[in-house]
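A look at the structure
Below are the chains, spelled out letter by letter.
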Amino acid sequence: MKKIINPWKGLDGYMCFGCAPENPQGLHMEFYEDGEDIVAFWEPESHYQGWLETLHGGIQTTMMDELAGWVVLRKLQTSGVTSRLDARFLKSISTREPRLMIRGRIKEQKRNAIFIETEIYNSQNELCSRADIVYFVVTKEQATEKFHFAGCKTEDEKNEQ
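All of the points below concern the structure found in this document. Only a predicted model underlies this, so the values are computations on that prediction, with no experimental measurement involved. Counting restarts for each chain, with residues numbered from 1 along the sequence as it is written. For a predicted model such as this one, the threshold for reporting local features is a pLDDT of at least 70, and the threshold for listing and counting side-chain atom pairs is 80 or more; totals across whole chains, interfaces and linings nevertheless cover every residue. Computation of side-chain values: all heavy atoms of the structure, hydrogens and water removed.

1. Side note on the sheet that holds strand β4 (residues 80-89)
What counts, and what does not: Only when DSSP finds a minimum of two bridges between them are two strands counted as paired. Numbering of helices and strands starts at the N terminus; helices are DSSP runs of H or I of at least 4 residues and strands are runs of E of at least 2.
An order of β1-β2-β3-β5-β6-β7-β4 is seen for the seven strands of this open sheet, with the pairing classed as antiparallel. Pairing within the sheet leaves two strands with one partner each, and these edge strands are β1 (2-3) and β4. Relative to strand β3 (residues 37-42), strand β2 (residues 32-34) runs antiparallel, the two sharing three bridges. Its bridge partner being in β3, aspartate 34 is matched across the sheet by aspartate 37.

What follows is the structure in C-alpha cells.
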C-alpha cells in the first residue's frame, strides 16, 4: 500500500471537512493506493455518533463520498464533483470501533461520468456500509483552474519528475 500525498496541504483556505489536516472539526482522512483501490483508515470518536455509541450515517456517507473523490484524484489525475450517491447501511458501526477501513474503486466510466463503488468495513472486516457514487469529472485544465489541482502522487513518486 502506498500513501497518497495530499495535493492541497498548505493551500491557504483549504478546510475540507473530509481531508484537510488543519480543520479542527474535520475527519482528517488520509488515503492509500492498494492496486486498483483507494483505501482510508479512520478511528471513530463519540462526538460523531447519531444514536448512542453508533456512528452517524451522515459521517459514514461523508467518508464514502470523500474516498470517491480521492479515487478520481489518484486514478484519473483530475477533479470534479459528486453527482449522485446511493448509500446502503448494512450493519451499525460502533463509535468504539478501534479502526474502520473505507475502500473504493472505479467500476465504469462514461465520458465525464465516473461510477465508483465504496465500502466501509469494521475492525472485524465485516461490510457495514456501501455506496454507489456517480462523480462528474472536469478536464485537467479545469481541475487546475477551478480546484487548484496540480496532480496526485504517492510518497514514493514525490521525488520523481
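2. Here we look at the pattern of salt bridges
Applicable threshold: Should a side-chain nitrogen of Lys or Arg be within 4 Å of a carboxyl oxygen of Asp or Glu, the pair is scored as a salt bridge. Here the term buried applies to any residue with accessible area under 20% of the maximum for its type, exposed to any over 50%, and partly exposed to those in between, with areas from a 1.4 Å probe on protein chains only.
Evaluation of the coordinates by the stated rule reveals 17 salt bridges. Measuring nitrogen to oxygen at the nearest pair gives 3.9 Å for the salt bridge that ties glutamate 126 to lysine 91. Within this pair, whereas glutamate 126 is found in the loop between β6 (113-121) and β7 (127-137), its partner lysine 91 is found in the loop between β4 and β5 (100-110), the two being separated by 35 residues in sequence. For glutamate 117, the salt bridge goes to arginine 105, with nearest N and O atoms at 2.7 Å. Of this pair, glutamate 117 sits in strand β6 while arginine 105 is found in strand β5, placing the two residues 12 residues apart along the sequence. Of the two residues, glutamate 117 and arginine 105, neither departs from the other in class, the shared state being buried. In this structure, a network of salt bridges that share partners links the residues Asp34, Asp37, Arg103, Arg105, Lys107, Glu117, Glu119, Arg130 and Asp132.

3. A closer look at the layout of surface pockets
Definition in use: A 1.4 Å probe that fits into a set of points on a 1 Å grid over the protein atoms alone but cannot get out defines a cavity; an open set with protein on both sides within 12 Å along at least five of seven lines defines a pocket, and lining residues are those with an atom within 4 Å of a point. Grid points are joined across faces, edges and corners, and a volume is the space filled by probe spheres set on the points. Residues are sorted three ways: Asp, Glu, Lys and Arg are charged, Ala, Val, Leu, Ile, Met, Phe, Trp, Tyr, Cys and Pro are nonpolar, and all the rest, Gly among them, are polar.
Here the largest pocket defines a volume of roughly 270 Å³. In terms of lining residues, the largest pocket is bounded by 17 residues, among which Trp8, Glu66, Ser79, Gly80 and Tyr135 are the most central. When contributions to the lining of the largest pocket are tallied by element, the ones reaching two or more residues are α1 (57-76) and β4. With five residues, α1 is the largest single contributor of residues to the lining of the largest pocket. In terms of residue class, the lining of the largest pocket is made up of 10 nonpolar, five polar and two charged. Considering only enclosed or pocket space, the second largest pocket measures out at about 230 Å³ in volume. Lining the second largest pocket we find 13 residues, and of these Lys3, Ile4, Asn6, Lys9 and Glu30 sit closest to its centre. When grouped by side-chain class, the residues that make up the lining of the second largest pocket number seven nonpolar, two polar and four charged.

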